[in-house]
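One-letter residues, chain by chain:
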Amino acid sequence: MDTELMLKVYPFFLKAALVTVELSILTGILGLSCGALGAAARLSRFRFLRFLGAAYVSVFRGTPALIQLFILYFGGPQIGIQLDAFQAGVIGLGVNIGAYMTETMRGAIISVDKGQREAARTLGLSQFQTFRKVTLPQAMRLMIRPLGVNINALIKGTALVAAISVVELTYTAQRYIGSTYKPFEMFLIAGVLYMIIIYGTGRAVAWLDRRARIV
Amino acid sequence: MTASQPFIEVRQARKCYGEIEVLKDISLTVDRGQIVAIIGPSGSGKSTLLRAINDLDPLTAGEVWLDGVRVNKTLPHRQYEKHINQMRQHIGMVFQHFNLFPHLTVRDNVTMAPKLLKGISDKEADRLAEEQLAHVGMLERIDYFPSQLSGGQKQRVAIARALAMKPKLMLFDEATSALDPELVEEVNLVMKKLAEEHMTMIIVTHEMDFAASVCDRVIFMDGGVVVEEGPPELVFRNPTQDRTRNFLRKHLEGAK
């Protein structure tokens, strides 16, 4: 193993890791937004919205994220969608992970005990007040950990955007392999950096979960 | 509105779940200040009837009236929501499993609804919480979370939470059924206190002794109909119907 080379090139990987982090954060925000909308649609009183939500989930969970990215980035221009690689990466991955988050959020919301809603409604709270004051605060606590799992998948999923040439960790590793012919070392650096990002995120999620725990 | 109009009236209530008819044409009236127990075997429809009164389980057909106002009015969705939320403010309900809000303190459990619905200030809310919790003997636990309370304490807080809306009527759905035997009494005492204060109450219960000692009237339900009703001394000591007798005998044997 060429440790000397690894020490020489790893600063360039750190830069790329920042891109991966940036990509993850933006994708996460978009994913959570899509998830919230999706869950709201899935739980809507209106059949049409429920259908839209279900369609969103089955389309985006039912096809490979890579294909979704390719359609958006390479196929987009054909139907008038011009995005640079980074934008396409964020939107493609965000909408994709949003489908998983939809199910996570919906699951958390429906697993709040029905008696909670009944008690709130019995006191005279409206549906919206009941959701905001009783169901949602409890569902939020229930969804922290499973959303953490989604976020973990999302971070690893950002490696896919190397395929549309976003200069993030995986792409950077591939580029350095092209000039050094040392795939083991280059992928090892990338792998370690992914692990650090994911470990840090995992700790943050665990901390949030502990803090939100009901006494 | 006439003076003789009943305070609560259920008219020809029917409730079906698909093919199964759980309430078959039930009518009953309750006067202001009256305390009514509904007893009967499980599956007799007594909880369904209770939950129809505040429209938690909407009736398939029939009417529910409270103080001259139809509770289960036919209205477009939005208007109906507004109407029923208004009506429910007057109808307190206590559940078998307490259903306290676990993410809120005892204080906030009691004050959440009055704050949201009556727009009272934080100061008034605090006073209200203290007053209601003192009433059920739970003032010392005002800053606890529900998970830190025993079942009996939870139920007393749940009663305080319902009373904080100053309801005209209280519904109790097997309020002591989920409690350990030694915790039943503290909840019964609170309910007795309410009875002495002339709160109108409809109580679904399995506790015949409690029903006999507190209630003005007992309704025995079986198979979705009211089989027999009357003052407790009559229904319990001298039931006219075989089904009532059988139920009471089985119940007595079960208690032994």
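Look a little higher up for the structure.
Computed from a predicted model, the values in this text were never measured in an experiment.

K.L.:
Outline helix α6 (residues 181–196) of chain B, supporting the account with residue identities and numerical values.
P.N.:
Owing to its 3.6 residues per turn, the α-helix brings residues three or four apart onto one side. All names here are of chain B. Taking 1.5 Å per residue, 16 residues should reach 22 Å; α6 reaches 24 Å between its end C-alpha atoms and fits that length. Residues of α6 that are buried include every one of L183, V184, V187, N188, V190, M191, L194 and A195, and no others. Burial along α6 is one-sided: seen end-on, the buried residues are contained in an arc of 160 degrees. In this structure, α6 carries E182 and E196 as exposed residues pointing more than 90 degrees from its buried face. One or two positions beyond α6, positive phi appears at H198, with a value near 65 degrees.

K.L.:
Summarise the sheet that holds strand β4 (residues 61–66) of chain B; cite the residues concerned and give the values.
P.N.:
Paired through backbone hydrogen bonds, the strands of a sheet run either parallel or antiparallel to each other. Residue and element names in this part refer to chain B. Ordered in space as β2-β1-β4-β5, the 4 strands form an open sheet in which the pairing is antiparallel. Among the strands making up the open sheet, the edge pair consists of β2 (20–30) and β5 (69–70). Relative to β5, β4 runs antiparallel, the two being bridged by 2 bridges. Looking at the pairing, W65 lines up with R70 of β5. Against the sheet, helix α1 (residues 46–53) contacts β1 (8–17), β2 and β4, and its axis sits at roughly 60 degrees relative to β2.

K.L.:
Now, about empty space enclosed by the protein: what can you tell me, with residues and values included?
P.N.:
Inspection of the entire model under this criterion finds 2 cavities of 30 Å³ or more. Computed from the structure, the largest cavity encloses a volume of approximately 50 Å³. For the largest cavity, the full set of lining residues is A119, T122 and L123 of chain A together with I91, G92, M93, F95, A158, R161 and A162 of chain B. Those elements that provide at least two residues to the lining of the largest cavity are α5 (114–122) of chain A together with β6 (91–94) and α5 (151–163) of chain B. For the second largest cavity, the calculated volume is near 40 Å³. Lining the second largest cavity are F172, E174, A175, T176, N188, M191, I203, V204, T205, E207 and F210 of chain B. Elements that contribute at least two residues to the lining of the second largest cavity include exactly α6 and β8 (200–204) of chain B.

Rules and cut-offs
- Residues numbered from 1 in each chain as written.
- Chains lettered and ligands numbered in written order.
- Predicted model: local features only at pLDDT ≥ 70, side-chain atom pairs only at ≥ 80, totals over all residues.
- Heavy atoms only, no water.
- Helix = DSSP H or I, 4+ residues; strand = E, 2+ residues; numbered from the N terminus.
- Expected span 1.5 Å × (residues − 1).
- Buried < 20%, exposed > 50% of the residue type's maximum accessible area, 1.4 Å probe, protein only.
- Arc of directions from axis to C-beta.
- Pairing = 2+ DSSP bridges.
- Contact = heavy atoms within 4.5 Å.
- Axes fitted to C-alpha atoms, helices over the stretch in contact; angles between N-to-C directions.
- 1 Å grid on protein atoms, 1.4 Å probe; cavity = no way out; pocket = protein on both sides within 12 Å on 5 of 7 lines; lining within 4 Å.
- Points joined across faces, edges and corners; volume = space filled by probe spheres on them.

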